[in-house]
Protein chains: 2
Amino acid sequence: VSRFGTSPVGGEADIVATFAPLAVRFPGAFGLSDDCALYAPEPGHEIVLTTDAVAAGVHFLDDDDPSDIGWKALAVNVSDLVAKGARPRIYLMSLALPEAPERPWLLSFVAGLAEAQAAFGIVLAGGDTDRRAGPLAITITALGEVPAGTMVRRGAAQPGDRLYVSGTLGDAALGLRLARTASLATGLGLTAGEVAHLVARYRRPQPRTGLVPVLRAHARAAMDISDGLVKDLGRMAAASGCGARVAIDRLPMSPAFRAAVDRDRRLMRDAMISGGDDYEILAAVAPERCRAFEDEAARTGVGVTAVGTIGDGSGVTVHDGDGRAISIPRDGWDHF
Amino acid sequence: VSRFGTSPVGGEADIVATFAPLAVRFPGAFGLSDDCALYAPEPGHEIVLTTDAVAAGVHFLDDDDPSDIGWKALAVNVSDLVAKGARPRIYLMSLALPEAPERPWLLSFVAGLAEAQAAFGIVLAGGDTDRRAGPLAITITALGEVPAGTMVRRGAAQPGDRLYVSGTLGDAALGLRLARTASLATGLGLTAGEVAHLVARYRRPQPRTGLVPVLRAHARAAMDISDGLVKDLGRMAAASGCGARVAIDRLPMSPAFRAAVDRDRRLMRDAMISGGDDYEILAAVAPERCRAFEDEAARTGVGVTAVGTIGDGSGVTVHDGDGRAISIPRDGWDHF
């Protein structure tokens, strides 16, 4: 589906009409026909807010399927809400398009958003569309809800807490490399199915919505991992005034990723520790809560794996099976 | 103040730290150190939400003073809240920068935001920063509050309602032309003070926050005028299932704009009727409320002017002093 061609949609009003089906389940969107949306949280609840932009060439590839682009734009925001223990509710979207898009491209983009909405339990409340030079960019602001006083903070970890991650790490960073360089798959001896899995992990992040109540019940601190484990754990440790240790041989790997690591050990460090785009949950859990946290997470179908501990001091140390510190890049992905 | 040079700020964390002072008055921003912000409306209130992006070359000029850019990015969003009768509360900002900015540029940008925050009564709650190709772009999502059930809708106008606009129209559209083409001022016989006034109207829109309670008390429908009176009134009429008539010789002009019109009558149509960037309020008021609406608006220091009426039928007619229809461009500014 090509984005630009000879039959672009007919102006702003036409684009807005194309998005209107995404808003039908939310009365406060007024069918996207008013200047603002209207929203009220449930009694006794607070609103959790986040904003994240994705742009072609930075967060997705220009020729990615538009349904994947729509999915990802929403998923990266919902991932932030989930990490706070918030139930996703509504979002606003600002779309920057370098040209008026072709209708099939736009319909596919909307279909990806619609699928993500259904998966995450969130609806479109309003938005803004502009034509401007530069890459296609989608900026979403997402709102979720928590019972008052229960938002899970980033900076509340304490020494002695155990560190958990959800799902598996490194898949998306490797998937991006595979999407960019088709020949890499052969070098790593990956099957077509393994490649497809890894690329899908890059293109369609899965916010762990099932963990929302589990995080709220048991996590002392949490955040999502979007810029690589080391960098994001560094942020949690700094915000908590603590240090953190991670055991590299505890990091959870998908079978496809493990197959690639068997061929190239460096992937472990590059993609797992400092790669980005995981959109998994990083949580610090007090020792007495760990058993319940693990059990309840497993029952949601999303496994969590203990990968390290919070301690005194500062910074992040990654160590091998013998307890030796491993040299790691100081930072993960930095947008500057 | 140049934006790019040899001493850019030192990465994302440094940029976030520069913005932190904008968030000090809002505890739910957590000093910009968490992944999300936390917010709850006052009891009995609903949240009004809007999102609008501004980009260099589209909504401001690339070499505009960074404090003006910051001001305008926030003002265009607050203008939407005000039109709904909502009191501005918090905002999230997503910043797309083509290069890491110089510190003086960034500090000036933050100063413009800080000034706008103080003027509008709104505070930063969170955000996102990215480096990407393309123009500098700022996407803001702003939240305001209304007592439950009192948001002023766009589509609630009824035949017989009188149409009002706040302030004066056309200044910003002419100001943009003057900012782009310095020689135009001489052709129009404008003084330096008049030019400065008109350009400031483009660069520093003034959301009519004082009108918030007046709109809520008396307006049947309202919206802000950002894409030109004819286009935006067309939207109000369409959303209300009505038609609208406007008397061109009733449209309020600033003294500077009037001086320009004396030299070039076409400005009246081009800049006043179909120009953009006014950020004034358009309101439909039931006849029995007009007197109170005018009086209370005047007491806030922002005049409102009756410019037309809502009627049966559809579309917008602009007529002259003799009641003859004037031919107007079908649309105002369209982003596509």
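Thresholds, definitions, all that
Residues numbered from 1 in each chain as written. Chains lettered and ligands numbered in written order. Predicted model: local features only at pLDDT ≥ 70, side-chain atom pairs only at ≥ 80, totals over all residues. Heavy atoms only, no water. Helix = DSSP H or I, 4+ residues; strand = E, 2+ residues; numbered from the N terminus. Rg over C-alpha atoms; globule rule 2.2 N^0.38 Å. Buried < 20%, exposed > 50% of the residue type's maximum accessible area, 1.4 Å probe, protein only. Contact = heavy atoms within 4.5 Å. Areas by Shrake-Rupley, 256 points an atom, 1.4 Å probe, with all protein chains shown as cover. Lys, Arg positive; Asp, Glu negative; His and termini not counted. Charge placed at Lys NZ, Arg CZ, Asp CG, Glu CD. Pairing = 2+ DSSP bridges. Axes fitted to C-alpha atoms, helices over the stretch in contact; angles between N-to-C directions. Arc of directions from axis to C-beta. Polar contact = N/O pair within 3.5 Å; in protein donor to acceptor, adjacent residues only side chain to side chain. Least-squares fit on C-alpha atoms with pLDDT ≥ 70 in both. Buried area = accessible area lost by both parts, 1.4 Å probe. Salt bridge = Lys/Arg side-chain N within 4 Å of Asp/Glu carboxyl O. Nonpolar A, V, L, I, M, F, W, Y, C, P; charged D, E, K, R; others polar. pLDDT = per-residue confidence, 0-100. Parallel < 35°, antiparallel > 145°, perpendicular 65-115°, else oblique. Expected span 1.5 Å × (residues − 1).

Mind showing me how you'd approach the overall build of chain A here?
Counting its regular elements, chain A contains 11 helices and 11 strands. The C-alpha atoms of chain A give 20 Å as radius of gyration, which agrees with the globular expectation for 336 residues (20 Å, within 12%). If one aligns the C-alpha atoms of chain A with their principal axes, the spans along those axes are about 65 × 55 × 35 Å. Counting the 336 residues in chain A, one finds 61% classified as buried. Taking as baseline every contact in chain A between residues at least 6 positions apart, the subset at least 24 positions apart corresponds to 87%. Working note: accessible area of chain A is about 12300 Å², and carbon and sulfur atoms make up 49% of it. When the 34 basic and 41 acidic side-chain charges of chain A are each reduced to a single mean position, those positions are 5 Å apart.

What's the story with the sheet that holds strand E6 (residues 162-166) of chain A in this structure? I'm lost.
Within a sheet, each strand pairs with its neighbour through backbone hydrogen bonds, oriented either parallel or antiparallel. All names here are of chain A. Reading across the sheet, the six strands line up as E7-E9-E6-E10-E8-E11 and stay open at both edges, with mixed pairing between neighbours. Here the strands that pair on one side only, and so sit at the sheet edges, are strand E7 (219-225) and strand E11 (315-319). Taking the axes of each pair of neighbouring strands and ignoring which way they run, one obtains an average angle of 25° across the sheet. When strand E8 (residues 243-247) meets E11, the two strands line up parallel, connected through five bridges.

What exactly am I supposed to notice about helix H10 (residues 266-273) of chain B here?
Residue and element names in this part refer to chain B. Restricting attention to buried positions, one finds in H10 the residues Leu267, Met268, Ala271, Met272 and Ile273. The arc enclosing the buried residues of H10, seen along the axis, measures out at 165°, which places them on a common side. Of the surrounding secondary structure, the elements contacted by the buried residues of H10 are helix H4 (171-180), helix H8 (229-240), helix H9 (255-263) and strand E11 (315-319).

What should I look at first to understand the environment of A:Arg203 in this one?
All names here are of chain A. Tracing the backbone shows Arg203 in helix H6 (residues 192-203). For the pair Arg203 and Gly31, spaced 172 residues apart in sequence, the C-alpha to C-alpha distance is 29 Å. If near-sequence neighbours (up to four positions away) are discounted, Arg203 is found in contact with Asp64, Asp68, Trp71, Lys72 and Ala179. There is a polar contact of 2.8 Å between the side chain of Arg203 and the side chain of Asp64.

Could you clarify how one ought to interpret the relation of the copies chain B and chain A in this entry?
Each of the two chain copies goes to the other by way of a rotation about an axis and a shift along it. Note on the copies: chain B fits chain A at an RMSD of 0.0 Å, the axial shift is 0.0 Å, and the rotation between them is 180°. In the structure described here, the two chain copies are related by an operation that fits a two-fold rotation axis. Scanning chain B for the C-alpha nearest the rotation axis identifies B:Gly134, at a separation of 1.8 Å. Both copies present the same face, since 98% of the interface residues in chain B are matched by interface residues at the equivalent positions in chain A.

Whenever I open this one, the sheet that holds strand E2 (residues 45-55) of chain B confuses me. Can you help?
Taken together, five strands build an open sheet; the order of strands is E1(A)-E2(B)-E5(B)-E3(B)-E4(B) and the sheet is mixed. Looking at the sheet topology across the chains shown, the edges are occupied by strand E1 (37-39) of chain A together with strand E4 (123-131) of chain B. Ignoring strand direction, the axes of neighbouring strands in this sheet form an average angle of 20°. Of the pairings in the sheet, the one linking E1(A) to E2(B) comprises three bridges and is antiparallel in character. Each residue of the ladder has a partner; that of A:Ala37, found in E2(B), is B:Leu49. Running at roughly 140° to E2(B), helix H2 (residues 66-83) of chain B makes contact with E2, strand E3 (87-97) and strand E5 (137-147) of chain B of the sheet. Running over the sheet, helix H3 (residues 103-120) of chain B touches E3, E4 and E5 of chain B and is turned about 165° from E3(B).

Can you walk me through the pairing of strand E10 (residues 304-311) of chain B in this structure?
Residues and elements named next belong to chain B. Of the pairings in the sheet, the one linking strand E6 (residues 162-166) to E10 comprises five bridges and is antiparallel in character. For Tyr164, the partnering residue across the bridge sits in E10 and is Ala306. Pairing analysis gives four bridges linking strand E8 (residues 243-247) to E10, with the strands arranged antiparallel. Paired with Val246 across the two strands is Gly308, which belongs to E10.

Whenever I open this one, the interface of chain B and chain A confuses me. Can you help?
Size of an interface: often given as the accessible area lost when the parts come together. Each partner contributes residues to the interface: chain B has 62 residues there, and chain A has 61 residues. Together chain B and chain A conceal approximately 4800 Å² of surface at their shared face, both sides included; 60% is due to carbon and sulfur atoms. At the junction of chain B with chain A, the criterion picks out eight salt bridges. Linking chain B to chain A there are 21 residue pairs in polar contact (both at pLDDT 80 or more). Broken down by element, the side of chain B that touches chain A gets its largest block of residues, nine residues, from E2(B). Grouping the amino acids of the side of chain B that touches chain A by side-chain chemistry returns 32 nonpolar, 12 polar and 18 charged.

Is there a simple way to explain the confidence of the model for chain A in this structure?
Detail in the predicted coordinates should be disregarded across regions flagged by low pLDDT. For chain A, per-residue confidence averages 92 on the pLDDT scale, and 95% of positions sit at 70 or higher. With pTM at 0.93, the complex prediction returns an ipTM value of 0.91.

I'm lost on the packing of helix H9 (residues 255-263) of chain A against helix H10 (residues 266-273) of chain A in this one. Help?
A packed helix pair is summarised by two numbers, namely the angle formed by the two axes and the spacing between the axes. Residue and element names in this part refer to chain A. Look at H9 against H10: their axes get within 7 Å of each other, and the N-to-C directions meet at 140°. Relative to H10, the element H9 is oriented oblique. Mapping the contact onto sequence places Phe257, Ala260 and Val261 in H9 and Leu267, Met268, Ala271 and Met272 in H10. Here the residues of the contact of H9 with H10 are counted per class, giving seven nonpolar, no polar and no charged.

Can you walk me through H2(B) in this structure?
Since the α-helix advances by 3.6 residues per turn, residues separated by three or four positions end up pointing in the same direction. Residue and element names in this part refer to chain B. With 18 residues, H2 extends 26 Å between its outermost C-alpha atoms, agreeing within 8% with the 26 Å of an ideal straight helix rising 1.5 Å per residue. Burial of H2 is extensive: 18 of the 18 residues sit out of reach of the surface. Just past H2, the residue Gly85 takes up positive phi, approximately 80°.

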